[in-house]
Amino acid sequence: MEILDKIDNKYLIKISDENYQTTISFDYGSKRLAFLKKDQISEFLKEHEFQFRKLLHVKRPETFFIGFELNFSLREGKDVIAFNDLNQILVLDKRQGNDKNYVLKTSSKNIPEIYIDGSFLSDQQKGGMAVIIKHPNGQYDLSTFTSNENSSCLVELEAAIKGLQLLKETDEIRLITDSQYVRKGLTEWIVNWKLNNWYTANGEKVKNIKHWKLFDELSKNKYIEFKYVKAHSQQFENTMADLYAKDAAKK
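If you're wondering where the values come from, they're calculated on a predicted model, not measured in any experiment.

Participant: Even after reading the chapter, I still don't get the environment of Val131, so can you show me in this structure?
Facilitator: Mapped onto the fold, Val131 is located in strand β8 (residues 126–134). Residue classification places Val131 among the buried residues on the basis of a relative accessible area of 0%. Counting along the chain gives 54 residues from Val131 to Gly77, while the straight-line C-alpha distance between them is 34 Å.

Below is the structure:
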């Protein structure tokens, strides 16, 4: 994507791949999108308009300027509604050199489950995390850690990383979290970040990049299911992880 010109508050944007290119018009104020040509790329963008619009809408106003360039990807056949449904299981499948993402309604796999939670005490500037592993035989393992990071989102991401490190020899894992930052970041956002050399849609370096890269490396050759659980919903393992994470943060 490259912004070519601005005419009457409308941005003229070139969209291209290795073989073809097209031109669109986008008004940031009204969010009006116009396809100026009838060609292969325009048809593909129309078929995946929801994904494409999301990319344009999340860009901040000051990042719309002539000369701005961005690499991005749209997933063919992606069920956007399913990916945004918290009741669905998001899958990251990187076995045999693959890098697939898809959605499951349910999973019958009898695989280890990792329950994670992180806590950041802003008044004390201290963080803690808990990782509860439930093995297929019903046995539990608990690990707690302190953290020097300064946000609850980042402590949650650290907890996910710790979980993978603890099960580094396990190929199939289910990760249960109440963090959308972890769930969406590791299954959706990271795809475009990697493609764009770890830059966001706003042309900025991804924040907390070392953590995202570490998880990306640890997840190689693994099958990981991401299941969402609502925080403070009395789900047993999530509740225990929350309590242990808060206790670890106080140490």
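Participant: In this structure, what is going on with the sheet that holds strand β3 (residues 21–27)? I would like to understand it.
Facilitator: In sheet architecture, strand pairing relies on hydrogen bonds along the backbone and comes in two forms, parallel and antiparallel. What the four strands build is an open sheet, ordered β1-β2-β3-β4; its pairing is antiparallel. With one partner strand each, in any of the chains shown, β1 (2–7) and β4 (32–35) form the two edges of the open sheet. Recorded for the sheet is a direction-independent mean angle of 25° between the axes of neighbouring strands. Docked against the sheet, helix α2 (residues 49–58) engages β2 (10–16), β3 and β4, running at close to 125° with respect to β4.

Participant: Looking at this structure, I do not really get the packing of helix α5 (residues 180–195) against helix α6 (residues 209–218). What am I missing?
Facilitator: For any two helices packed against each other, the geometry is given by the interaxial angle and the distance between the axes. Direction vectors running N to C along α5 and α6 enclose 90°, while the axes themselves pass 11 Å from each other. It follows that α5 is roughly perpendicular to α6 by the angle criterion. Listed contacts from α6 to Tyr181, Gly185, Leu186, Ile190, Trp193 and Lys194 of α5 are Trp212, Phe215 and Asp216.

Participant: Looking at this structure, I do not really get unusual backbone geometry. What am I missing?
Facilitator: Comment: phi is negative for the bulk of residues other than glycine, and the bulk of peptide bonds are trans. Despite not being glycine, Gln96 shows a phi value in the positive range, around 55°. Among the secondary structure elements, Gln96 is positioned in the loop between β5 (89–93) and β6 (100–104). Even without a glycine there, the phi angle at Asn221 is positive, about 65°. Note on placement: Asn221 falls in the loop between α6 and β11 (223–228). Classification of Asn221 by relative accessible area gives partly exposed; the value is 47%.

About the cut-offs
Residues numbered from 1 in each chain as written. Predicted model: local features only at pLDDT ≥ 70, side-chain atom pairs only at ≥ 80, totals over all residues. Heavy atoms only, no water. Helix = DSSP H or I, 4+ residues; strand = E, 2+ residues; numbered from the N terminus. Buried < 20%, exposed > 50% of the residue type's maximum accessible area, 1.4 Å probe, protein only. Pairing = 2+ DSSP bridges. Axes fitted to C-alpha atoms, helices over the stretch in contact; angles between N-to-C directions. Contact = heavy atoms within 4.5 Å. Parallel < 35°, antiparallel > 145°, perpendicular 65-115°, else oblique.

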